[in-house]
Amino acid sequence: QVQLVESGGGLVQAGGSLRLYCAASGGTFSSYAMGWIRQAPGKEREFVAAINWSGGRTYYGDSVKGRFTISRDNAKNTVYLQMNSLKPEDTAVYYCAAGRTYPTYSNYDYWGQGTQVTVSS
């Protein structure tokens, strides 16, 4: 059983940056592909980014390409999401997820509790 805990969310002005963290425990972190998925109020979940087991391959949703970067440190059991040039439409709860499939939009086995990101205009 893998436990995922997100952190790093908060309130930021449009054009600013945030870095999200996801700490994993309870499993072999390097054997899981990782993803970030977000959900805004009243909207369906939206795929943000995914990274493969080694960190050598990444995949992004169209709305964040060129602005967000996913990375991982297997020695620290942590995955990151660097978010730059933030827009009000990036406001959402951001979830970290782990799974055996890469790339995947939503086929993850484990999910964190989410961290709120709010971008003001």
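Up top is the structure.
Let me begin by describing the structure that accompanies this report. (Residues numbered from 1 in each chain as written. Predicted model: local features only at pLDDT ≥ 70, side-chain atom pairs only at ≥ 80, totals over all residues. Heavy atoms only, no water.)

## Some thoughts on the overall build of the protein
Okay, so step 1: Broken down by element type, the protein carries zero helices and 11 strands.
Okay, so step 2: Reading the helices (α) and strands (β) of the protein from amino to carboxyl end gives β-β-β-β-β-β-β-β-β-β-β.
Okay, so step 3: In summary, the protein has a C-alpha radius of gyration of 13 Å against a globular reference of 14 Å for 121 residues, a match within 12%.
Okay, so step 4: Its C-alpha atoms put the protein at 40 × 25 × 25 Å along the principal axes.
Okay, so step 5: A sequence separation of at least 24 residues applies to 57% of the contacts in the protein between residues at least 6 apart.
Okay, so step 6: Accessible area for the protein stands at about 6,000 Å²; split by element, carbon and sulfur atoms hold 46% of it.
Okay, so step 7: Taking the average place of the 11 positive charges on the side chains of the protein and the average place of its 8 negative ones, the gap between the two points comes to 5 Å. (Helix = DSSP H or I, 4+ residues; strand = E, 2+ residues; numbered from the N terminus. Rg over C-alpha atoms; globule rule 2.2 N^0.38 Å. Contact = heavy atoms within 4.5 Å. Areas by Shrake-Rupley, 256 points an atom, 1.4 Å probe, with all protein chains shown as cover. Lys, Arg positive; Asp, Glu negative; His and termini not counted. Charge placed at Lys NZ, Arg CZ, Asp CG, Glu CD.)

## Side note on the sheet that holds strand 1 (residues 3-7)
Okay, so step 1: Pairing in this open sheet of four strands is antiparallel, and the strands run 1-3-8-7 from one edge to the other. The outermost strands of the open sheet, each flanked by one partner alone, are strand 1 and strand 7 (68-73). On average, each strand axis in the sheet is inclined to that of its neighbour by 15°, with strand direction left out of account.
Okay, so step 2: Two elements, strand 1 and strand 3 (residues 18-25), share five bridges in a ladder whose sense is antiparallel. Opposite Leu4, over in strand 3, you have Ala24 as the bridge partner. (Pairing = 2+ DSSP bridges. Axes fitted to C-alpha atoms, helices over the stretch in contact; angles between N-to-C directions.)

## Details of the pattern of salt bridges
Okay, so step 1: In the structure shown here, the tally under the stated rule is four salt bridges.
Okay, so step 2: With a closest N to O distance of 3.2 Å, Asp62 and Lys65 form a salt bridge.
Okay, so step 3: Between Asp90 and Arg67 there is a salt bridge, with its nearest N and O atoms 2.7 Å apart. On the criterion of sequence distance, the pair formed by Asp90 in the loop between strand 8 (78-83) and strand 9 (92-99) and Arg67 in the loop between strand 6 (58-60) and strand 7 is long-range, its members being 23 residues apart. Comparing Asp90 with Arg67, the two get one shared label, buried. (Salt bridge = Lys/Arg side-chain N within 4 Å of Asp/Glu carboxyl O. Buried < 20%, exposed > 50% of the residue type's maximum accessible area, 1.4 Å probe, protein only.)

## Things to note about the packing of aromatic side chains
Okay, so step 1: All told, the structure shown has seven aromatic pairs when counted by the stated rule.
Okay, so step 2: Ring centres of Tyr21 and Tyr80 lie 5.6 Å apart, and the angle between their planes is 75°; on these two criteria the pair is classed as edge-to-face. With a gap of 59 residues between them, Tyr21 in strand 3 and Tyr80 in strand 8 connect regions that are remote in the sequence.
Okay, so step 3: A relative accessible area of 11% means that Tyr80 is categorised as buried.
Okay, so step 4: Relative to Tyr59, the ring of Phe47 lies with its centre 5.8 Å away and its plane at 40°, an arrangement referred to as tilted. Here Phe47, found in strand 5 (residues 46-51), pairs with Tyr59, found in strand 6; they are 12 residues apart in sequence, far enough to count as distant.
Okay, so step 5: On the basis of relative accessibility, which here comes to 10%, the residue Phe47 falls in the buried class.
Okay, so step 6: For Tyr59, a relative accessible area of 35% corresponds to the partly exposed category.
Okay, so step 7: An aromatic cluster is present here, built from Phe47, Tyr59 and Tyr105 joined pairwise through their rings.
Okay, so step 8: Lying across the ring of Trp111, Arg45 places its NZ or CZ 4.4 Å from the centre. (Phe/Tyr/Trp six-rings, centres within 6.5 Å; stacked < 30°, edge-to-face > 60°. Lys NZ or Arg CZ within 6 Å of the ring centre and 35° of its normal.)

## Quick word on the state of the cysteines
Okay, so step 1: Applying the stated criterion to the full structure yields one disulfide.
Okay, so step 2: Disulfide pairing places Cys22 opposite Cys96 at an S-S distance of 2.0 Å. Here Cys22 and Cys96 share a disulfide; its torsion about the S-S bond, -75°, makes the bridge left-handed. With Cys22 in strand 3 and Cys96 in strand 9, the pair connects residues that are 74 residues apart, well separated along the chain. The exposure classification of Cys22 matches that of Cys96, with both residues buried. (Disulfide = S-S within 2.5 Å.)

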